[in-house]
Amino acid sequence: MAVDHLWPLLEFPALEGDEDALIAAYKAAYICHYVKDEAGHRYVHRDWAGQAVLFSEHAFDHAFTSTAHFREGLAHDGFSLPRAKRMLWIREVLAASAGTISRYEQTRTDSRGRSTKRRSFVVAEERYVVVLDHPRKAGDPFRFVTAFNVEDEGYLRELKQKGFLAETRPRK
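Here the structure is a predicted model, which is why all the values come from computation and not from measurement. (Residues numbered from 1 in each chain as written. Predicted model: local features only at pLDDT ≥ 70, side-chain atom pairs only at ≥ 80, totals over all residues. Heavy atoms only, no water.)

Caption draft 1: Representation of the sheet that holds strand 8 (residues 142–149) within the structure. The mixed open sheet is built from 7 strands, whose spatial order is 1-2-8-7-6-5-9. Only two strands of the sheet have a single partner each, and these edge strands are strand 1 (45–46) and strand 9 (164–169). Bridge analysis of strand 6 (residues 115–123) against strand 7 (residues 128–133) gives 6 bridges, and the strand direction is antiparallel. Looking at the pairing, Arg119 lines up with Leu132 of strand 7. (Pairing = 2+ DSSP bridges. Helix = DSSP H or I, 4+ residues; strand = E, 2+ residues; numbered from the N terminus.)

The following block contains the structure:
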């Protein structure tokens, strides 16, 4: 049964029996679409408000792994194929190319006990979230943290309760 999505999934069906090759293919795709071009020049992406967003090569491991109990401080479970398949959606969300996308701002405590500001984009139709860290210094770019499909309704409820709804881009 095919599922309709706002954007196409990124898939490597020929590699699905070889997890190491599959992970390497998704990491290469992440780097070439978000981190740097073939000449090694870093990309600077922009969200729909014109804010600069940088992607780190090192963010791949965090962004495309999953854990059922991350909030309880447990380690990641491992590579998440569903997250990786939605990788190209990140730029579509930042551009607000389709769907109903809400931008939330929130302050939370990071794993080191520091207060950090986050920007979260939530795609209503897909239950998909893209998370960025605010820059620590004015004028610096936002930093990509992660992107994932929300399976826990409690996560969205908490984000809406504790975050500030800054803007919603309606379905185009």
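Caption draft 2: A look at the side chain of Ser80. If you trace the backbone, Ser80 turns up in the loop between strand 4 (78–79) and helix 3 (81–85). By relative accessible area, Ser80 is classed as buried at 8%. Ignoring anything within four residues of it in the chain, the contact list for Ser80 reads Phe64, Thr65 and Ser66. (Buried < 20%, exposed > 50% of the residue type's maximum accessible area, 1.4 Å probe, protein only. Contact = heavy atoms within 4.5 Å.)

Caption draft 3: Representation of helix 1 (residues 19–35) within the structure. Counted at 1.5 Å a residue, the expected span for helix 1 with its 17 residues is 24 Å, and the 22 Å between its end C-alpha atoms agrees. Turning to helix 1, its buried residues number three or more, namely Leu22, Ala25, Tyr26, Ala29, Tyr30, Ile31, Tyr34 and Val35. At its buried positions, helix 1 is contacted by strand 1, helix 2 (59–63), strand 4, helix 3, helix 4 (89–95) and strand 8. (Expected span 1.5 Å × (residues − 1).)

These values are about where atoms sit, not about what they do.
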